Amino acid sequence: MNQSDDAQSRVDCPAPGKNGAGPEKRKVLIVSDSHGMPRADLPYEDTWIFRIKEFFPCYDFIDRPASGSTTVRLVTEGGGGVTLLERYRPDTVILQMGLAECAPRLFRKKGIEHYFITRVLNAYWRNKYIGFVRRRRVRNPEITYVPPEQFRANLENYFSRAEALNASVIIILIGKPSSLLVRKSPHVKKNIDLYNSIYRETARRYRNVQCIDPLNGDIDIDSIALDDIHINHIGSAIIAEALKKIL
């Protein structure tokens, strides 16, 4: 998509009223992980967040991405998650997160091995040990940063709070993994499918929540991959177009 295409697809702002004041801006809160953020090979102007702002110049977009985000942010940030919802009182929330919490891991966050790595080994031997494990152990789909039951509970908490504020929620489902990510983590697709199913199941219980799935259809994910996890400007444009249809 080029700049002329963007200009043609922008939504015009309503004309101001008699007193010169236009209608109150629709407030859209964006809570994303690094998939919405610029990178070395992805300028901010090519991110889906920038593009959606270009589509809707009269909307008040509140941009709250953070690298490595998980749904724990939704229920803890600011004390109970209020700085990702109640403090802003948005009309709509766009959520994009999930891969960081569902990706299979080598180590549990608690237990003897975790204690050994973090408390006993110095930096040199810690790196040696982790490298040794990586060469001999497959990432375990049962070890995740946020277990499925906690993921579901976080979503239910947030969706209920959004419903109480009469705020709609749009979920961008976790995209299918690149072949590079699958090579690094053979069970990652299993976990992506599981967590996406939790997204869908939980969303069906709330009238204010809907899911979109722009990166799991008939798309060659490797052709739009920047690395094992992130997508390029084409993938960002695909997400922006999907959001444009429902905002």
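Attention in this report is confined to the structure presented alongside it. Each chain has its residues counted from 1, running along the sequence as written. Note on the predicted model: pLDDT of at least 70 is required for a residue's local features to be given, and 80 or more for side-chain atom pairs to be given and counted; whole-chain, interface and lining totals, by contrast, use all residues. The basis for the side-chain values is all heavy atoms of the structure; hydrogens and waters are excluded.

Describing a nonpolar patch on the surface
Step number 1: On the surface, a cluster of nonpolar side chains totalling about 290 Å² of accessible area is made up of Tyr115, Phe116 and Val120.
Step number 2: What counts as a helix is a DSSP run of H or I of at least four residues, what counts as a strand is a run of E of at least two, and both are numbered from the N terminus. Inspection of the secondary structure puts Phe116 in helix H5 (residues 112–120).
Step number 3: The cut-offs for exposure are 20% and 50% of the maximum accessible area for each residue type, with area from a 1.4 Å probe on protein chains only; residues under the lower value are buried, those over the upper are exposed, and the others partly exposed. By relative accessible area, which is 32% here, Phe116 ends up partly exposed. Patches here are clusters of residues that have more than 30% relative accessible area and form no salt bridge, with a 9 Å joining cutoff for like charges and a 5 Å cutoff for nonpolar side chains (Val, Leu, Ile, Met, Phe, Trp, Tyr). Only the protein chains shown count as cover for residues, and the accessible areas themselves come from Shrake-Rupley with a 1.4 Å probe. Within this document, salt bridges are pairs made up of a side-chain nitrogen of Lys or Arg and a carboxyl oxygen of Asp or Glu, the two lying within 4 Å of each other.

A closer look at the layout of surface pockets
Step number 1: Here a cavity is any set of points on a 1 Å grid over the protein atoms alone where a 1.4 Å probe fits but cannot get out, and a pocket is any open set with protein on both sides within 12 Å along at least 5 of 7 lines; a residue lines the site when it has an atom within 4 Å of a point. Grid points are joined across faces, edges and corners, and a volume is the space filled by probe spheres set on the points. Empty space within the largest pocket amounts to approximately 620 Å³.
Step number 2: Ala103, Pro104, Arg105, Arg139 and Tyr145 are, among the 30 residues lining the largest pocket, the residues nearest its centre.
Step number 3: Elements with a contribution of two residues or more to the lining of the largest pocket: helix H4 (99–102), H5, helix H6 (123–136) and helix H8 (179–184).
Step number 4: When residues of the lining of the largest pocket are assigned to their parent elements, the largest contribution, three residues, is made by H5.
Step number 5: Taken as a whole, the second largest pocket holds about 160 Å³ of empty space.
Step number 6: Every residue lining the second largest pocket is listed: Arg105, Phe107, Arg108, Lys109, Lys110, Glu142, Ile143, Thr144, Tyr145 and Pro147.
Step number 7: Each residue gets one of three labels, nonpolar for Ala, Val, Leu, Ile, Met, Phe, Trp, Tyr, Cys and Pro, charged for Asp, Glu, Lys and Arg, and polar for the others, Gly among them. Tallied by class, residues from the lining of the second largest pocket come to four nonpolar, one polar and five charged.

Details of the nonpolar core
Step number 1: Ranked by internal contacts, the top residues of the largest apolar core, which has 32 residues, are Val31, Tyr158 and Phe159.
Step number 2: Residues in contact with Tyr158, not counting those within four places in the same chain, are Leu29, Val31, Leu74, Leu84, Leu85, Val93 and Leu95. Residues grouped as a nonpolar core are buried Ala, Val, Leu, Ile, Met, Phe, Trp, Tyr and Cys residues, joined through side-chain atoms within 4.5 Å. Contacts were defined at the residue level, with two residues in contact if any of their heavy atoms lie within 4.5 Å.

Description of the pairing of strand S1 (residues 27–32)
Step number 1: Within S1, five of the six residues are buried, leaving the element largely enclosed by the surrounding structure.
Step number 2: The sheet contact formed by S1 and strand S2 (residues 60–63) spans four bridges and is parallel. Across the sheet, residue Ile30 finds its bridge partner in S2, namely Asp63.
Step number 3: Each parallel crossover has a hand, and the one from S1 via helix H2 (residues 48–55) to S2 is right-handed.
Step number 4: Note on pairing: DSSP must find at least two bridges between two strands before they are called paired. Relative to strand S3 (residues 92–96), S1 is paired through five bridges, and the arrangement is parallel. Residue pairing in the sheet places Ser32 in a bridge with Gln96 of S3. Here the term right-handed applies to a crossover when the path leading from its first strand over the helix to its second strand runs clockwise, the strands being oriented away from the viewer.

Thoughts on the pattern of salt bridges
Step number 1: Under the definition given, this model contains eleven salt bridges.
Step number 2: A salt bridge links Glu77 to Arg64; the shortest N-O distance between them is 2.3 Å. Of the two residues, Glu77 sits in the loop between helix H3 (72–76) and S3 while Arg64 sits in the loop between S2 and H3, which places them 13 residues apart along the sequence.
Step number 3: In this structure, the salt-bridge partner of Glu86 is Arg161, at a minimum N-O distance of 2.8 Å. With a gap of 75 residues between them, Glu86 in the loop between H3 and S3 and Arg161 in helix H7 (residues 148–164) connect regions that are remote in the sequence.
Step number 4: In this structure Arg161 comes out as buried when scored by relative accessible area, which is 15%.
Step number 5: One network of salt bridges, with partners in common, ties together Arg64, Arg73 and Glu77.

Some words on empty space enclosed by the protein
Step number 1: What the rule picks out here adds up to one cavity of 30 Å³ or more.
Step number 2: Approximately 220 Å³ is the volume attributed to the largest cavity.
Step number 3: Taken together, 23 residues make up the lining of the largest cavity; nearest its centre are His35, Leu99, Ile174, Gly175 and Ile229.
Step number 4: A per-class count over the lining of the largest cavity returns 13 nonpolar, six polar and four charged.

A short note on the state of the cysteines
Think of a disulfide as a covalent bridge from one cysteine sulfur atom to another cysteine sulfur atom.
Step number 1: Note that a disulfide, as used here, is simply two cysteine sulfur atoms within 2.5 Å. Enumeration over the complete set of coordinates arrives at zero disulfides.
Step number 2: Here Cys102 is not disulfide-linked; the sulfur of Cys211 is the nearest cysteine sulfur, at 14 Å.

Some points on the pairing of S3
Step number 1: Extensive coverage of S3 is indicated by the burial of five of its five residues.
Step number 2: Burial along S3 is two-sided: the face carrying Thr92, Ile94 and Gln96 and the face carrying Val93 and Leu95 are both buried.
Step number 3: In the sheet, S3 pairs with strand S4 (residues 168–172) via four bridges, with the strands oriented parallel. Its bridge partner lying in S4, Ile94 is registered against Ile170.

Some thoughts on helix H10 (residues 233–244)
Step number 1: For a helix, the expected span equals 1.5 Å multiplied by the number of residues minus one. Taking 1.5 Å per residue as the helical rise, H10 with its twelve residues ought to reach 16 Å, and the 16 Å between its terminal C-alpha atoms agrees with that figure.
Step number 2: Where the residues of H10 are buried, they touch H2, S3, S4 and strand S5 (209–212).
Step number 3: A side-chain oxygen of the first residue of H10 lies 2.9 Å from the backbone nitrogen of Ile234; this N-cap is Asn232. Nitrogen and oxygen atoms within 3.5 Å of one another constitute a polar contact, given that in protein one can donate a hydrogen and the other can accept it, and given that sequence-neighbouring residues count only through two side-chain atoms.

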